[in-house]
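Residue-level structure breakdown
Letter by letter, the chains look like this.
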Amino acid sequence: MLELLQQGFGAVFSLNILMLMAVGVAVGIVFGAVPGLSATMAVALCLPLTFTMGPQAGLSLLVALFIGATSGGLISAILLKIPGTPSSIATVFDGGPLMEQGQGVKALGVGIVFSFLGTIFSIVALMFIAPQLAKVALSFGPHEYFAIAVFSLTLIATLSAGSMVKGLFAGTLGISVSTVGIAPVEAVRRFTFGFSELNGGFSMLTVMIGMFAVAEIIKLAESGRHAVQGKARSVSMKNIRGFGFSLKEFREQLPNAGRSGLIGLGIGILPGIGAGTSNLVSYIIAKKRAKDGHTYGKGNIGGVVASETANNAGVGGAMMPLMTLGIPGDTVTAIMLGGFLIHGIQPGPLLFISQGPLVYTIFAALIVATCMMLFMEFYGLRLFIKLLDVPKYILLPIILVLCVVGAFGLSSRLFDVWSILLFGLLGYAFVKAGMPAAPFIIGFILGPMAETNLRRGLMLSDNSFAAFFTNPIAGTFLGLALAFVLWQVFSALRPKPSAINQILRT
């Protein structure tokens, strides 16, 4: 392990990859900090740029964007009282009041430092847990993979939206779209309607860019050119030592940070739940456990610590199912899956055997990008504050042009450009209908996996479905999937849902 990690750091510390990662972290912070942009949009937008890069450089860039954007949301959450990303919603609760009390530097410093610690904690957990999980996954067959796919789809559909029906509909629609093209087992054309361009189905990249980037652009364009845009408050750095808070305050927050890190990691591992949930859950628990819980929401650094530690700990958690099972942990890692496939690499348990040096290069890139994020966010704060004031009507057309160029660069086909516009309109319709995009995307990705393994499993068991339930691992996951559906139905029928259920369904 140490030898492979040393090789990974050797690859990352090459000049071209370091420069790419520095740019990636900076761009990620901007996308995380500017309200309306997101980590998903940043990774989707830059994914086409990795076509001409090697796997190490391309994946290191995507990792840097992920790290920067996840943490960048705290900047606007504190300075504008607007969460830059869903993962920073709880940061607003205490970060905003601290800024109004003249303790903006302390709030920013606490957020940056504990973002760093939360990310490092999750990376260390990823490095030690993922290889062991991959060894277990090597014994999985079609029955197990089908059951895991169903479990992941059910989990996302039931927990990622305020309505179970909407979540299930979105997931089912994603699976339906994934069936367009040539069937994986029988090689027959399905739903192509005579268009040869549809023989290969819809490209993962066009779906991602359309559903997230283009849909977000259309949504933000609704407000028009003269929309009111918050102006970032100025922060004075004079007479500030270190990160603006004392060593005593740091020590006092360590139990809070440890608990929040575990929450973020655990929720991050669950496919599709994401940091948008973990930061709220950790905030609620921190408030209940704190002796001064009544001061939360009025300017307590404990609230910032809980939120930022948890949402950044979700980075390593989300990478874990992606790298060990080939199942993305959230929408960002769903797009990163496309980054792996672009370079002909299939994430899963065999990744640790066939691509060992690359795996540890990714681990090294995560660590280096996290260190870059720590210094860039604090010492480049003045620059990021100015970027928050860039008008949306200037920023959005530039992003749209980049989306079109990226889609066309896939295979030099106008069909891909029309595809991102089609899925952009579909994503916008999702927004207007209050439906989550995550179940659709994960359904689109896991649909072929579920279908292929269902067919293979039936072939192995002479077309008997009983084997899926008698297999211990497959039966366990299918049972969990059923339990989650029943739990969600029961929660929806209860007259007064619990506070934790309200958060999970937000």
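Just so it is clear, the model here is predicted, and its values are computed rather than measured.

Looking only at helices and strands, the protein chain features 23 helices and two strands. Out of the 506 residues in the protein chain, the part that is buried amounts to 58%. Taking the intrachain contacts of the protein chain between residues at least 6 apart in sequence as the baseline, contacts between residues at least 24 apart amount to 79%. In the form shown here, the protein chain has an accessible surface area of approximately 20,900 Å², with 67% of it arising from carbon and sulfur atoms.

Taken together, the side chains of Leu400, Phe408, Leu414, Trp418 and Leu421 make up a nonpolar region of the molecular surface, amounting to roughly 490 Å² of accessible area. Elements supplying a minimum of two residues to the nonpolar patch: helix H18 (392–411) and helix H19 (414–433). Here Leu400 lies in helix H18. The class of Leu400 is partly exposed, set by a relative accessible area of 31%.

The next point concerns the environment of Ala137. Relative to the elements of secondary structure, Ala137 occurs in helix H6 (residues 104–137). Its relative accessible area of 2% is what places Ala137 among the buried residues. Put simply, Ala137 and Gly348 are 211 residues apart on the chain and 8.1 Å apart in space, counted from C-alpha to C-alpha.

For the rest of this paragraph, the subject is the confidence of the model for the protein chain. For the protein chain, the mean per-residue pLDDT works out to 79, and 85% of the residues sit at or above 70. Across residues 502–506 the pLDDT falls below 50, and counting only partners more than four positions away or on other chains, this stretch makes 14 contacts in the model.

Turning our attention to the packing of helix H3 (residues 39–46) against helix H9 (residues 204–221). What describes two packed helices is the angle between their axes and the distance between those same axes. Put simply, H3 and H9 touch, their axes get as near as 9 Å, and they point 130° apart. The orientation of H3 relative to H9 falls into the category oblique. The interaxial crossing formed by H3 with H9 has left-handed handedness. Two secondary-structure elements touch here, H3 through Thr40, Met41 and Ala44 and H9 through Leu205, Ile209, Phe212, Ala213 and Glu216. Grouping the amino acids of the contact of H3 with H9 by side-chain chemistry returns six nonpolar, one polar and one charged.

Let us look at the packing of H3 against helix H14 (residues 331–342). One can describe the packing of H3 onto H14 by two numbers: an axis separation of 9 Å at closest approach and a directional angle of 10°. Between H3 and H14, the crossing angle belongs to the class labelled roughly parallel. Residues Ala39, Thr40, Val43 and Ala44 of H3 touch H14, and the partners they reach there are Thr331, Val332, Ile335 and Met336. For the contact of H3 with H14, the residue count by class is six nonpolar, two polar and no charged.

In a regular helix each residue adds 1.5 Å, so 25 residues correspond to 36 Å; helix H4 (residues 55–79) covers 37 Å between its end C-alpha atoms and thus fits that length. Remark: the principal bend of H4, roughly 25°, maps to Thr70. Counting buried positions along H4 yields 23 of 25 residues, so the element is predominantly enclosed. Positive phi shows up at Lys81, right after H4, with a value of about 60°.

Okay, the side chain of Ser461 next. The topology assignment puts Ser461 in the loop between helix H20 (438–460) and helix H21 (466–470). According to the relative accessible area criterion, Ser461 is buried, its value standing at 15%.

So, about the pattern of salt bridges. Counted according to the given criterion, the structure contains two salt bridges. Residues Glu249 and Lys106 are paired through a salt bridge, measuring 2.8 Å at the closest nitrogen-oxygen approach. Placement of the pair is Glu249 in helix H10 (residues 247–252) and Lys106 in helix H6, with a sequence separation of 143 residues. The exposure classification of Glu249 matches that of Lys106, with both residues buried. We note a salt bridge from Glu451 to Arg190, for which the minimum N-O separation is 2.7 Å. On the criterion of sequence distance, the pair formed by Glu451 in helix H20 and Arg190 in strand S2 (residues 189–190) is long-range, its members being 261 residues apart. The partly exposed category is assigned to Glu451, whose relative accessible area is 22%. For Arg190, a relative accessible area of 18% gives the class buried.

Our next topic: unusual backbone geometry. Phi angles above zero are rare outside glycine, and Phe191 is one such case at about 55°. Mapped onto the secondary structure, Phe191 falls in the loop between S2 and H9. Within the chain, Asn463 stands out as a residue other than glycine whose phi angle is a positive 60°. Relative to the assigned elements, Asn463 resides in the loop between H20 and H21.

Per the stated rule, a full pass over the model turns up twelve aromatic pairs. Ring geometry for Phe93 against Tyr283: centres 5.1 Å apart, planes inclined by 70°, an arrangement best described as edge-to-face. Highlighted residues: Phe93 in helix H5 (residues 89–100) and Tyr283 in helix H12 (residues 275–289), separated in sequence by 190 residues. By relative accessible area, Phe93 is classed as partly exposed at 34%. On the basis of relative accessibility, which here comes to 5%, the residue Tyr283 falls in the buried class. With centroids separated by 6.4 Å and ring planes inclined at 35°, the aromatic side chains of Phe465 and Phe468 adopt a geometry described as tilted. The class of Phe465 is partly exposed, set by a relative accessible area of 49%. Accessibility expressed as a relative area gives 1% for Phe468, which makes it buried.

With that out of the way, let us pick up the environment of Ser14. Here Ser14 shows up in the loop between helix H1 (2–12) and helix H2 (15–33). Judged by relative accessible area, which is 25%, Ser14 ranks as partly exposed. Taking C-alpha positions, Ser14 is 9.7 Å from Ala57, a pair spaced 43 residues apart along the chain. A polar atom in the side chain of Ser14 sits 3.0 Å from the side chain of Asn16.

About the criteria used
- Residues numbered from 1 in each chain as written.
- Predicted model: local features only at pLDDT ≥ 70, side-chain atom pairs only at ≥ 80, totals over all residues.
- Heavy atoms only, no water.
- Helix = DSSP H or I, 4+ residues; strand = E, 2+ residues; numbered from the N terminus.
- Buried < 20%, exposed > 50% of the residue type's maximum accessible area, 1.4 Å probe, protein only.
- Contact = heavy atoms within 4.5 Å.
- Areas by Shrake-Rupley, 256 points an atom, 1.4 Å probe, with all protein chains shown as cover.
- Patch = residues over 30% accessible without salt bridge, like charges linked within 9 Å, V, L, I, M, F, W, Y side chains within 5 Å.
- Salt bridge = Lys/Arg side-chain N within 4 Å of Asp/Glu carboxyl O.
- pLDDT = per-residue confidence, 0-100.
- Axes fitted to C-alpha atoms, helices over the stretch in contact; angles between N-to-C directions.
- Parallel < 35°, antiparallel > 145°, perpendicular 65-115°, else oblique.
- Left-handed = near helix turned anticlockwise from the far one by under 90°.
- Nonpolar A, V, L, I, M, F, W, Y, C, P; charged D, E, K, R; others polar.
- Expected span 1.5 Å × (residues − 1).
- Bend = angle between axes of the 7 residues up to and from the residue.
- Phe/Tyr/Trp six-rings, centres within 6.5 Å; stacked < 30°, edge-to-face > 60°.
- Polar contact = N/O pair within 3.5 Å; in protein donor to acceptor, adjacent residues only side chain to side chain.

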